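One letter stands for each residue in the lines below.
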Amino acid sequence: MITALLLLQAGEEKFAQLYVLDSDLATRRRMERGENSECNAELMRKIDEIIRRVNPFADAYEMKWKLEQLLNGETRERLMAMLNPEQRTIFDTVMNAIRDVDEASPKTFCVNAFTGPGKSFFFLLFNAISRSVRGLGEIAVPVAWTRIAVIILEGGKTAHSRFKLLVSILDNSSSSIRHNTEDGRFLKAAKIII
């Protein structure tokens, strides 16, 4: 199975733009490239094993692929059925707040979970919220601190990128986005920032 890491542009894909979940397929794809024709296939397979062990992105890419397969073409009803009761409660609370025009009602939420549920708890929930908000014709802005987490969020960016923050955040750091810029107007128009 192959899933694109980035939107591919026209032309032949470069291996750096792919994450191949099947080790044998990964080795075959590497060996098919002209510049690798003289390489030893067994050595390529061992390199693939090492990359999978030390690459911090490997688990995130695999989880993203699994979520894409799970969510691909799913109707809203089917997606809602995938949420466990705790996720559904959080989802309903957030969506009710989004639909509520009363400025006095709570609009800020913190979602926390123990390590047991794993990242899939958050990513299924957050992607369900993002899809539902976008389904209402509104803007959802998913962000995360790490690139690994952003890979799994549909349309996500790192907080540093989305809010134009310095990589080394100091006590007096602030966003360089101004309210009258395209980025500023986009963020003000957002119905939710996750």
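Before reading further, recall that the structure is shown in the block above.
Here goes a summary of the coordinates provided. Nothing here was measured: the structure is a model prediction, and the numbers come from that model. (Residues numbered from 1 in each chain as written. Predicted model: local features only at pLDDT ≥ 70, side-chain atom pairs only at ≥ 80, totals over all residues. Heavy atoms only, no water.)

Notes on the overall build of the protein
Definition in use: Under the scheme used here, helices are H or I runs from DSSP no shorter than 4 residues and strands are E runs no shorter than 2 residues, and both carry numbers assigned from the N terminus. Contacts between residues were defined by any pair of non-hydrogen atoms, one from each residue, lying within 4.5 Å.
From N to C terminus, the protein includes nine helices and six strands. If you take every contact in the protein between residues at least 6 apart in sequence, the share linking residues at least 24 apart comes to 48%.

Details of the layout of surface pockets
Filter applied, for reference: For each structure, a 1 Å grid was placed over the protein atoms alone; sets of points admitting a 1.4 Å probe that cannot get out are labelled cavities, open sets with protein on both sides within 12 Å along at least five of seven lines are labelled pockets, and lining residues have an atom within 4 Å of a point. Grid points are joined across faces, edges and corners, and a volume is the space filled by probe spheres set on the points. In the scheme used here, Gly and all other residues not listed as nonpolar or charged are polar, with Ala, Val, Leu, Ile, Met, Phe, Trp, Tyr, Cys and Pro taken as nonpolar and Asp, Glu, Lys and Arg as charged.
The volume enclosed by the largest pocket comes to roughly 600 Å³. Looking at the largest pocket, it is lined by 25 residues, and the ones nearest its centre are Lys107, Phe109, Ile192, Ile193 and Ile194. Broken down by class, the residue content of the lining of the largest pocket amounts to 20 nonpolar, one polar and four charged.

What about the environment of Ala159?
Examined against the element boundaries, Ala159 turns out to sit in helix H8 (residues 159-162). Sequence separation of Ala159 and Val143 is 16 residues, and the distance between their C-alpha atoms is 5.4 Å. Other than its neighbours up to four places away in sequence, Ala159 contacts Val143, Ala144, Trp145, Lys164 and Leu165.

Description of the pattern of salt bridges
What counts is decided by this rule: Whenever Lys or Arg places a side-chain nitrogen within 4 Å of a carboxyl oxygen from Asp or Glu, that contact is recorded as a salt bridge.
Taken as a whole and judged by the stated rule, the model has four salt bridges. In this structure, Lys164 and Asp183 form a salt bridge, with 3.3 Å as the shortest nitrogen-oxygen distance. Residue Lys164 is found in the loop between H8 and helix H9 (182-189), and its partner Asp183 is found in helix H9; the two are separated by 19 residues along the sequence.

Focus on the nonpolar core
A general tendency of soluble globular proteins is for nonpolar side chains to be buried together. What counts, and what does not: To form a nonpolar core, buried Ala, Val, Leu, Ile, Met, Phe, Trp, Tyr and Cys residues must be joined to one another through side-chain atoms within 4.5 Å. For every residue, the accessible area obtained with a 1.4 Å probe (protein chains only) is divided by the maximum for its type, and the residue is called buried under 20%, exposed over 50%, and partly exposed between those limits.
Of all hydrophobic cores here, the largest spans 25 residues; its most connected members are Phe91, Ile129, Val133 and Ile192. Contributing elements (two or more residues each) for this core: helix H4 (76-82), helix H5 (85-99), helix H6 (118-135) and helix H7 (147-152). For this core, the element with the highest residue contribution is H6, accounting for nine residues. Once you skip the residues sitting within four places of it in the chain, Val133 turns out to touch Met95, Ile98, Glu138, Ile139, Ala140, Lys191 and Ile192. One finds Val141, Val143, Ile177 and Ala190 within the second-largest nonpolar core, a separate group that totals five residues.

Description of the side chain of Thr158
If you trace the backbone, Thr158 turns up in strand E5 (residues 157-158). Classification of Thr158 as buried rests on a relative accessible area of 15%. Beyond its immediate chain neighbours, meaning those up to four positions away, Thr158 contacts Ala144, Thr146, Arg147 and Val150.

Remarks on a nonpolar patch on the surface
We count it as follows: Surface patches are defined over residues having more than 30% relative accessible area and no salt bridge, joining like charges when they lie within 9 Å and nonpolar side chains (Val, Leu, Ile, Met, Phe, Trp, Tyr) when within 5 Å. The Shrake-Rupley method, run with a 1.4 Å probe sphere, supplies the accessible areas, and residue values consider only the shown protein chains as cover.
Together, Leu43, Ile47 and Ile51 line one region of the surface with nonpolar side chains, adding up to about 240 Å² of accessible area. One can find Ile51 in helix H2 (residues 41-54).

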